[in-house]
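Summary of the model geometry
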Amino acid sequence: MGPEMVRQFQDVISAIEASEDLRVVVFDSAVEDYFLNHSDFMAKLEDMTSMPAGPTGLPPWPDFLVRLTRAPIASIALIRGRATGNGSEIALACDMSFASREKAIISQWEVGVGMVAGGGPMARLPRLIGRNRALEVLLGSEDIRGEQAEAYGYVNRALPDADLDAFVEALATRIAKFDKWAIANTKRLVNTSLPPDVEMGAGWDACMASLGRPAAQNAIKALNALGFHKTGDVESRLGYYLSQIPR
């Protein structure tokens, strides 16, 4: 995920907010083996940091995530394949998430390369799965399969891959038949449990600061030498390779 995709997500959330009839949005992926992967570390950092803040006052990526969570519609993540970093963050921003038992891999991998995550998992995960498990996910930087994610409460349910699409379609279709005012106001009242926006902003600031640290730069360079950013074993088994980086 690079700056261009972030701009596209801004267009998506603006369209969601502007629609008077929309009730449900499902986030899925057309790319086999991936829901949404980590950021593009080959892109120029200034292309991201120079983008103007969104309507929340937050930088564009956390702005999108906050607006999605507060949007007056139901948002569902259908996770098949790897949801790493940004992928995990968009799943956490959705109202519900459902994962393939066989194919979903979720992770917040950033600490494994000396970084801090930028899309707010430090603010969201403790409220969702508890402080101790949140620290296990964040500090362990390990790949989490669908069944474990369900057991932790990281996702609503992990379903057999063959049943995932039909289940999500049925749920989304059911909700879409209901009154939008009732959906929006029920969600508004549930949202009183959300972390304040300032926590999301603090995570982004820490992420940007961490990218400039030699520890992070050296670890990312070492991963690139192993095959990071390319289709292959490093991206498929990122949790394992994080433990193989020379320190």
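Presented here is an overview of the structure given in this document.

Take the overall build of the protein chain next. Helix and strand content of the protein chain: 13 helices and eight strands. Relative to the compact-globule value of 18 Å for 247 residues, the protein chain shows a C-alpha radius of gyration of 17 Å, a close match. Within the protein chain, buried positions represent 50% of all 247 residues. Look at the contacts in the protein chain between residues 6 or more apart in sequence, and 75% of them connect residues 24 or more apart. Side chains of the protein chain carry 25 positive and 31 negative charges; the gap between the two charge centres is 4 Å.

All right, on to the packing of aromatic side chains then. What characterises a pair of aromatic rings is the spacing of the ring centres plus the angle enclosed by the ring planes. Following the criterion strictly, the structure yields eight aromatic pairs and no others. Ring plane angle 80° and centroid distance 5.7 Å describe the contact between F41 and W109, whose orientation is recorded as edge-to-face. Here F41 is found in the loop between β2 (34–36) and α2 (45–49), whereas its partner W109 is found in the loop between β6 (105–107) and α5 (121–129), with 68 residues between them in sequence. Take W109: its relative accessible area is 2%, and that puts it in the buried class. Through pairs of rings, three or more aromatic residues link up here, namely F9, W61 and F64.

For the rest of this paragraph, the subject is helix α8 (residues 161–176). The terminal C-alpha atoms of α8 lie 23 Å apart, and with 16 residues this matches the ideal 22 Å at 1.5 Å per residue to within 8%. What α8 keeps buried is the set D161, L164, V168, A172 and I175. Buried residues along α8 cover an arc of 65° about the axis, so they all sit on one side. Facing away from the buried side of α8 by over 90 degrees, the exposed positions are A162, A166, E169 and R174. Contacts made by the buried residues of α8 are with β1 (24–27), β3 (74–79), β5 (96–100), β8 (157–159) and α9 (180–190).

A separate point is unusual backbone geometry. Phi angles above zero are rare outside glycine, and D33 is one such case at about 80°. With respect to the helices, strands and loops of the structure, D33 is situated in the loop between β1 and β2. On the accessibility criterion, D33 (54% relative accessible area) is exposed. One non-glycine residue, H229, lies in positive phi territory at about 75°. Here H229 is to be found in the loop between α11 (214–226) and α12 (233–236). Looking at H229, the relative accessible area reads 25%, which means it is partly exposed.

What follows deals with the state of the cysteines. Within the structure shown, the criterion is met by zero disulfides. This cysteine, C94, is not joined by any disulfide, and C207 carries the nearest cysteine sulfur, 20 Å off. Under the relative-accessibility criterion, C207 is labelled buried at 7%.

Calculation notes
Residues numbered from 1 in each chain as written. Predicted model: local features only at pLDDT ≥ 70, side-chain atom pairs only at ≥ 80, totals over all residues. Heavy atoms only, no water. Helix = DSSP H or I, 4+ residues; strand = E, 2+ residues; numbered from the N terminus. Rg over C-alpha atoms; globule rule 2.2 N^0.38 Å. Buried < 20%, exposed > 50% of the residue type's maximum accessible area, 1.4 Å probe, protein only. Contact = heavy atoms within 4.5 Å. Lys, Arg positive; Asp, Glu negative; His and termini not counted. Charge placed at Lys NZ, Arg CZ, Asp CG, Glu CD. Phe/Tyr/Trp six-rings, centres within 6.5 Å; stacked < 30°, edge-to-face > 60°. Expected span 1.5 Å × (residues − 1). Arc of directions from axis to C-beta. Disulfide = S-S within 2.5 Å.

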